[in-house]
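Summary of the model geometry
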Amino acid sequence: MHCDYRTTVDDYAGLTTLPPPCPLCLGYLRPAVVLFGEALPRAALTRLQAVLDQGYELVLSIGTTSTFPYIAHPFSYAHDYGALAVEINPGETHVSRFADIRWRLGAAAALEALWAALESSQA
Ligand SMILES: [Zn+2]
């Protein structure tokens with residue numbers, strides 16, 4: 001079933017029924033992410049393949065254990081593509097051995113630090 005209803009919330013604390021019902025089609029609302037067991041959207045896979053075909057300079061692995069091949073492949077083959085591989089993860093992952101740079105931080109802390117560094121470099 002296809003439904004075009006979209007909404008955003010500041011947090012999920014106010015939800016009393018899980019999963020929440022859709023006011024339009026009476027189905028269930030869900031986040032716009034790929035959940036475990038689901039296939040990636042075809043458009044995303046097509047875009048990924050186009051990027052791989054054209055080559056890339058930098059690949060970031062942030063907050064994932066890189067278990068799935070479509071995540072691990074671009075990272076583990078970064079050297080073949082002449083790209084820099086940066087991993088941000090507090091633990092060891094399937095692709096840690098391929099990383100040129102490793103930040104042993106959680107994603108939120110690392111991205112806040114990276115954002116602050118980028119902002120200060122532009123000031
Ligand atoms: Zn709906």
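These figures come from a predicted structure and were not determined experimentally. (Residues numbered from 1 in each chain as written. Predicted model: local features only at pLDDT ≥ 70, side-chain atom pairs only at ≥ 80, totals over all residues.)

Along the protein chain, the regular secondary structure elements total 3 helices and 3 strands. The secondary structure elements of the protein chain, listed N-terminal to C-terminal, are α-β-α-β-β-α. Relative to the globule expectation of 14 Å for 123 residues, the C-alpha radius of gyration of the protein chain, 18 Å, shows a markedly less compact shape. Across the 123 residues in the protein chain, those meeting the buried criterion constitute 11%. In the protein chain, once contacts between residues fewer than 6 apart in sequence are set aside, the share between residues at least 24 apart is 34%. (Helix = DSSP H or I, 4+ residues; strand = E, 2+ residues; numbered from the N terminus. Rg over C-alpha atoms; globule rule 2.2 N^0.38 Å. Buried ≥ 20, exposed ≤ 12 C-beta atoms within 10 Å, placed from the backbone. Contact = placed C-beta atoms within 7 Å.)

It is worth spelling out the pairing of strand S2 (residues 84-88) at this point. Of the pairings in the sheet, the one linking strand S1 (residues 58-62) to S2 comprises 5 bridges and is parallel in character. Among the inter-strand pairings, Ile62 is bridged to a residue of S2, identified as Ile88. Once the chain exits S1 it traverses helix H2 (residues 69-76) before rejoining the sheet at S2, and the crossover so formed is right-handed. Direction of pairing for S2 relative to strand S3 (residues 101-103): parallel, over a ladder of 3 bridges. The partner of Val86 across the bridge, within S3, is Ile101. (Pairing = 2+ DSSP bridges. Right-handed = clockwise from strand over helix to strand, strands pointing away.)

With that out of the way, let us pick up the environment of Ala13. With respect to the helices and strands, Ala13 occurs in the segment before helix H1 (42-54). It is 32 Å that separates the C-alpha atoms of Ala13 and Glu119, two residues lying 106 residues apart in sequence.

The next point concerns the nonpolar core. In terms of nonpolar packing, the biggest core is built from 6 residues, these being Val59, Phe75, Ala78, Ala85, Val95 and Ala99. With sequence-adjacent residues up to four places away left out, Val95 is seen in contact with Ser61, Ser66, Ala72, Phe75, Ser76 and Glu87. (Core = buried A, V, L, I, M, F, W, Y, C linked by C-beta atoms within 7 Å.)

Across the junction of Leu18 and Pro19, the peptide omega takes the value -10°, indicating a cis bond. Topologically, Pro19 is positioned in the segment before H1. Non-glycine residue Leu26 carries a positive phi angle of around 70°. With respect to the helices and strands, the residue Leu26 is situated in the segment before H1.

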